[in-house]
Amino acid sequence: MEEKVRVRFAPAPTGHLHIGNIRTFLFNWLFARHYNGEVILRIEDTDVTRSQDEAYDAIVDDLRWLGLDWDEGYSVGGLYGPYRQSERLDLYRKYAEDLISKGDAYLCFCTPEELEEERTAYLAKGRMPRYSGKCRNLTADDIARLSKERTPAIRFRVPRETIVLNDIIRGEIPFDGSGIGDFVIMRSDGFPTYNFAVVVDDAEMKVTHIIRADEHISNTPRQIMLYKALGLPVPKFGHVAMILGTDKTKLSKRHGATSLSYYREAGYLPEAIVNYLAFLGWTPGDTREIMGLQEIAAEFTLDRVSKSPSMFDPKRLDWFNSQYIRACDPDKLLDIALPFLSRLGVSTDLHADIEERERLKKIVVLVQDSITRLSEIPDEVSFFFGDTVKQWDGSAEKWIKNPTGERALGEFIDVFSGIEDAEFDAEQIQAYLKTVIDRVQVGTRKVLMPIRAALTGRTKGPELQGVIEILGKERTIKRAHDALQEARRDYHDATDL
Ligand code: GLU
């Protein structure tokens, strides 16, 4: 490509980003990085009633968290700012006046009630409603008179011609201009409409490629008409097919969580999310699945973007997430797990406490291969915190409170009390557990289950030797004692002790 690629992401500030928006940004980002181009972040906040202040920050925060950057735009600045549409109102007015002076736009004084009447009349005749053109040919006198009564909107005079969209992803799409009524470009409140603002901004910001969701295809002929009327170069368009839920309908809240905030809070890794989303509509053309952003960018071209919708499958995302969790080195895993561990009251300020950091690292590594989301960590490891097991769950209690359980715990305490501290590592512990199993002689499971139950309060969890190593000798034996006592309290007349 000879010209410098410039793309933009133009979200409305309506809350946290959604899966669909993020995929759109991601495709723009990958495309720009592939061609050494530039990415612009522009906030489309002309729909004032829907814009929320916190939402501006949420967008920036979400994108940064995902590891996606931009070269220009909101929060970073650049040559073509401001990058919030609400701060560019004078510019839109200037362009609209230019169109009026050329006869390509006109003032429209129709009230919402009049427009509604027109609409109903069209519908009653079974026709597609569109603007009748009532204000198309007002005289200077009409305008002077009506201006005293109300503030006009500005409408674009739609040319009666066929517009052909040459979409990079979907090929040629023709539109019949005669099916499009004159549309408003500036509302009477002084704000531009989406179709107008987007053209002015994309042109002013020298955007070369517009990659966006295919729900905007129907807007594109209007935008192309505006470029032409303004005498501006028309950028290239690529419309990406929509994302469906597992039931093959458009992805929406009905399908469960679609907001990034949910996935952040549930402990999905940004790397997993972007990897998965890149594959929603794009493929490297072979069987690779785990790919980092840079690796994808190196290969990302629009000819590998699918024309048909892709399906958002939370189970696939889970798979990607667990792969990324497994691939973390211990320090990284601890760092990303800390906010979740803090839910257990664990201090996240570990700078001064190297020993505690090492212990926590071992704890998270122990469950690393069995979790799908980081938010599962607190529950998986809660038993490590505190001196005692506060509660044994129902099935744990059953394993403890029976004659075999008591015997296993008795032998366990006996064997483990004799271990030197220096020998207290997972490998040695495994050997000592074998000694206990050999002594009790009822099979491995019947010995290890009561021990697990006593030490963790549950019957499922990470490998026992790892649990024992992290608990340390003192706590291990204390917990085994506590359980034994608990068992004996209910079990005075056990005969096989
Ligand atoms: N604000 C629009 C959206 O979020 C931007 C559409 C476009 O990319 O032109 O859908």
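See the structure printed just above.
We now turn to the structure provided with this report. (Residues numbered from 1 in each chain as written. Predicted model: local features only at pLDDT ≥ 70, side-chain atom pairs only at ≥ 80, totals over all residues. Heavy atoms only, no water.)

So, on to the nonpolar core. If you look at the biggest cluster of nonpolar residues, it comprises 145 residues, and the most contacted ones within it are Ile-185, Phe-196, Leu-341, Phe-384 and Phe-416. At 10 residues, helix H19 (residues 464–490) tops the list of elements feeding residues into this core. Ile-185 has contacts with Ala-96, Leu-99, Ala-105, Ile-154, Arg-155, Phe-156, Phe-191, Pro-192, Thr-193, Phe-196 and Leu-226, leaving out every residue within four places of it along the chain. Grouped together as the second largest cluster of nonpolar side chains are 5 residues, Tyr-106, Cys-110, Tyr-131 and Cys-135 included. (Core = buried A, V, L, I, M, F, W, Y, C linked by side-chain atoms within 4.5 Å. Buried < 20%, exposed > 50% of the residue type's maximum accessible area, 1.4 Å probe, protein only. Helix = DSSP H or I, 4+ residues; strand = E, 2+ residues; numbered from the N terminus. Contact = heavy atoms within 4.5 Å.)

It is worth spelling out the pairing of strand E6 (residues 162–167) at this point. What you see with E6 is a clean split: Ile-163, Leu-165 and Asp-167 sit on the buried side and Thr-162, Val-164 and Asn-166 on the side with no burial. Here E6 runs beside strand E7 (residues 171–176); their pairing, made up of 6 bridges, is antiparallel. Counterpart to Leu-165 in the pairing with E7 is Ile-173. (Pairing = 2+ DSSP bridges.)

Neighbouring the ligand are Arg-8, Ala-10, Glu-44, Tyr-194, Val-198, Arg-212 and His-216. A distance of 2.6 Å separates an oxygen atom of the ligand from a polar side-chain atom of Arg-8. Separating an oxygen atom of the ligand from a side-chain N or O atom of His-216 is a distance of 2.8 Å. About the coverage of the ligand: the protein hides 80% of its 300 Å² of free accessible area. Counted by class, the shell around the ligand contains 3 nonpolar, 1 polar and 3 charged residues. (Near = heavy atom within 4 Å. Polar contact = N/O pair within 3.5 Å; in protein donor to acceptor, adjacent residues only side chain to side chain. Areas by Shrake-Rupley, 256 points an atom, 1.4 Å probe, with all protein chains shown as cover. Nonpolar A, V, L, I, M, F, W, Y, C, P; charged D, E, K, R; others polar.)

Turning our eyes to something else, we now look at the environment of Phe-156. Looking at the element boundaries, Phe-156 is found in strand E5 (residues 153–156). Taking relative accessible area as the criterion, Phe-156 reaches 1% and is therefore assigned buried. Taking the C-alpha atoms as reference points, Phe-156 and Gly-103, separated by 53 residues in sequence, lie 9.2 Å from one another. Setting aside chain neighbours within four positions, we find Phe-156 in contact with Leu-99, Asp-104, Ala-105, Asp-182, Phe-183, Ile-185, Met-225, Leu-226 and Ala-229.

With that settled, the discussion passes to the sheet that holds E5. Here 3 strands make up an open sheet; going across it, the order is E4-E5-E8 and the pairing antiparallel. Both outer strands of the open sheet, strand E4 (105–108) and strand E8 (183–186), are each paired with one neighbouring strand and no more. The sheet shows a mean angle of 45° between the axes of neighbouring strands, taken without regard to direction. As defined by bridge partners, E4 adjoins E5 across 4 bridges and the pair is classed as antiparallel. Directly across from Tyr-106, in E5, lies its bridge partner Arg-155. (Axes fitted to C-alpha atoms, helices over the stretch in contact; angles between N-to-C directions.)

This paragraph deals with unusual backbone geometry. Omega for the bond connecting Gly-81 with Pro-82 falls within 30 degrees of zero, at -5°, which places this linkage in the cis form. Mapped onto the elements, Pro-82 comes out in the loop between strand E3 (72–73) and helix H3 (89–101). Of note in the backbone geometry, Gln-441 takes a positive phi value of approximately 60° without being a glycine. In this structure, Gln-441 sits in the loop between helix H17 (426–440) and helix H18 (444–456).

The next point concerns the packing of helix H16 (residues 403–417) against H17. At a minimum axis separation of 9 Å, H16 and H17 run at an interaxial angle of 135°. With respect to H17, the element H16 is oriented oblique. For the element pair H16 and H17, the recorded crossing hand is right-handed. Here H16 contributes Arg-407, Ala-408, Glu-411, Phe-412, Asp-414, Val-415 and Phe-416 to the contact with H17, which in turn contributes Ile-429, Tyr-432, Leu-433, Thr-435, Val-436, Arg-439 and Val-440. (Parallel < 35°, antiparallel > 145°, perpendicular 65-115°, else oblique. Left-handed = near helix turned anticlockwise from the far one by under 90°.)

One pass over the full model with this rule turns up 47 salt bridges. Salt-bridge contacts for Glu-289 lead to Arg-316; the nearest nitrogen and oxygen are separated by 2.3 Å. Residue Glu-289 is found in the loop between helix H9 (270–278) and helix H10 (293–299), and its partner Arg-316 is found in helix H11 (residues 314–326); the two are separated by 27 residues along the sequence. Accessibility expressed as a relative area gives 30% for Glu-289, which makes it partly exposed. A salt bridge links Asp-335 to Arg-357; the nearest nitrogen and oxygen atoms lie 3.4 Å apart. Residue Asp-335 is located in helix H12 (residues 330–341), and its partner Arg-357 is located in helix H13 (residues 354–367); the two are separated by 22 residues in the primary sequence. Overall, Asp-335 belongs to the partly exposed group, its relative accessible area being 42%. It is possible to trace a salt-bridge network through shared partners that takes in Arg-8, Arg-42, Glu-44, Arg-88, Asp-201 and Asp-202. (Salt bridge = Lys/Arg side-chain N within 4 Å of Asp/Glu carboxyl O.)

Moving on to the packing of aromatic side chains. Evaluated as defined, the whole model comprises 18 aromatic pairs. For the pair Phe-279 and Phe-320, a centre-to-centre distance of 6.2 Å together with 50° between the ring planes defines the contact as tilted. On the criterion of sequence distance, the pair formed by Phe-279 in the loop between H9 and H10 and Phe-320 in helix H11 is long-range, its members being 41 residues apart. Centroid distance Phe-416 to Tyr-432: 6.2 Å. Interplanar angle 65°. Geometry classified as edge-to-face. Remark: Tyr-432 occurs in helix H17 and Phe-416 occurs in helix H16; sequence separation between them is 16 residues. Between Arg-23 and the ring centre of Phe-27, over which it is positioned, the NZ or CZ distance is 5.3 Å. The aromatic ring of Tyr-95 is capped on one face by Lys-94, whose charged end is 4.8 Å from the ring centroid. (Phe/Tyr/Trp six-rings, centres within 6.5 Å; stacked < 30°, edge-to-face > 60°. Lys NZ or Arg CZ within 6 Å of the ring centre and 35° of its normal.)

We now examine the side chain of His-209. Examined against the element boundaries, His-209 turns out to sit in strand E9 (residues 209–213). Within the structure, His-209 has its side chain in polar contact with the side chain of Thr-208 (distance 2.7 Å).

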